[in-house]
Amino acid sequence: HDTPIFIDRDGELFSSILYFLRTGFLPAKILADQAALEDLNREADYFGIEALSINIRNSTYPPTLCIEKFPFSDILLKLEEGYRFVMARRDHVVSHVCPHGHDEYQPTGYDSRCRHSHVEVYSQDILFAFMTLDKRFPMATIPMVTALLE
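About the thresholds
- Residues numbered from 1 in each chain as written.
- Predicted model: local features only at pLDDT ≥ 70, side-chain atom pairs only at ≥ 80, totals over all residues.
- Heavy atoms only, no water.
- Helix = DSSP H or I, 4+ residues; strand = E, 2+ residues; numbered from the N terminus.
- Buried < 20%, exposed > 50% of the residue type's maximum accessible area, 1.4 Å probe, protein only.
- Contact = heavy atoms within 4.5 Å.
- Polar contact = N/O pair within 3.5 Å; in protein donor to acceptor, adjacent residues only side chain to side chain.
- Phe/Tyr/Trp six-rings, centres within 6.5 Å; stacked < 30°, edge-to-face > 60°.
- Lys NZ or Arg CZ within 6 Å of the ring centre and 35° of its normal.
- Core = buried A, V, L, I, M, F, W, Y, C linked by side-chain atoms within 4.5 Å.

**Side note on the environment of tyrosine 83**
For step 1, the next point in the chain: Tracing the backbone through its elements, the reader meets tyrosine 83 in the loop between α5 (75-80) and β2 (84-97).
For step 2, the next point in the chain: Using a relative accessible area of 10% as the deciding quantity, one classes tyrosine 83 as buried.
For step 3, the next point in the chain: Setting aside anything within four residues of it in sequence, one finds tyrosine 83 in contact with Glu68, Phe70, Lys78, Met131, Thr132, Leu133 and Met139.
For step 4, the next point in the chain: A polar contact is formed between the side chain of tyrosine 83 and the side chain of glutamate 68, at a distance of 3.0 Å.

Following this line, the structure appears as structure tokens:
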């Protein structure tokens, strides 16, 4: 079979198809061009490359990612609820506490119901876990979480 095969399609788009078939990724140059992505999607349909069509749809309309912030001490409970760990970070938190139990550990700036003049102000660094229910993130294992706590 020394006879070359002639494919009467757009050569530039075909190079992007070959790149995708070789790597599993879309070329960066095509991601920045919405019109080229639409053309490439038509070519993917023509050649019947469903994985490429799905990849184009996901890059054109990426799902939004909802990440929630929890005190790190809640991480095991959140993992049991199906949350996935994204990252941990220490944040500086300033809070106030009324010795009478009003508005315990509320952030400063909070409109307190407590009108006592002897409210104590605390300033501390607290470790927070940023987590998501998005299944694109892998589930953290207990040893992973334990390693983070050390």
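**Section: the packing of aromatic side chains**
For step 1, the next point in the chain: According to the stated counting rule, one finds four aromatic pairs in the structure shown.
For step 2, the next point in the chain: Aromatic pair tyrosine 46 and phenylalanine 47: ring centres 5.0 Å apart, planes at 85°, arrangement edge-to-face.
For step 3, the next point in the chain: On the accessibility criterion, phenylalanine 47 (30% relative accessible area) is partly exposed.
For step 4, the next point in the chain: A ring pair is formed by phenylalanine 70 and tyrosine 83, whose centres lie 5.2 Å apart and whose planes are at 80°; its orientation type is edge-to-face. In this pair, phenylalanine 70 sits in strand β1 (residues 68-71) while tyrosine 83 sits in the loop between α5 and β2, placing the two residues 13 residues apart along the sequence.
For step 5, the next point in the chain: Since its relative accessible area comes to 10%, phenylalanine 70 is described here as buried.
For step 6, the next point in the chain: Ring pairing ties together the aromatic residues Phe14, Tyr46 and Phe47, which thus form one cluster.
For step 7, the next point in the chain: The aromatic ring of tyrosine 46 is capped on one face by arginine 9, whose charged end is 3.6 Å from the ring centroid.

**Some details on the nonpolar core**
For step 1, the next point in the chain: Core analysis: the biggest nonpolar cluster contains 12 residues, these being Leu13, Ile17, Phe20, Leu26, Ile30, Ala36, Leu37, Leu40, Ala44, Ile49, Leu52 and Ile56.
For step 2, the next point in the chain: Of all the secondary-structure elements, those providing two or more residues to this core are α1 (11-23), α3 (34-47) and α4 (50-60).
For step 3, the next point in the chain: A per-element tally of this core places α3 first, with four residues.
For step 4, the next point in the chain: Apart from the residues lying within four places of it in its own chain, the contact partners of isoleucine 17 are Leu40, Glu43, Phe47, Ile49 and Leu52.

**Looking at the environment of phenylalanine 25**
For step 1, the next point in the chain: Relative to the assigned elements, phenylalanine 25 resides in the loop between α1 and α2 (28-31).
For step 2, the next point in the chain: Accessibility expressed as a relative area gives 56% for phenylalanine 25, which makes it exposed.
For step 3, the next point in the chain: In the structure, phenylalanine 25 is positioned 31 residues away from isoleucine 56 in sequence and 9.7 Å away in space, judged by C-alpha atoms.
For step 4, the next point in the chain: Filtering out sequence-adjacent residues up to four positions away, phenylalanine 25 remains in contact with Tyr19 and Phe20.

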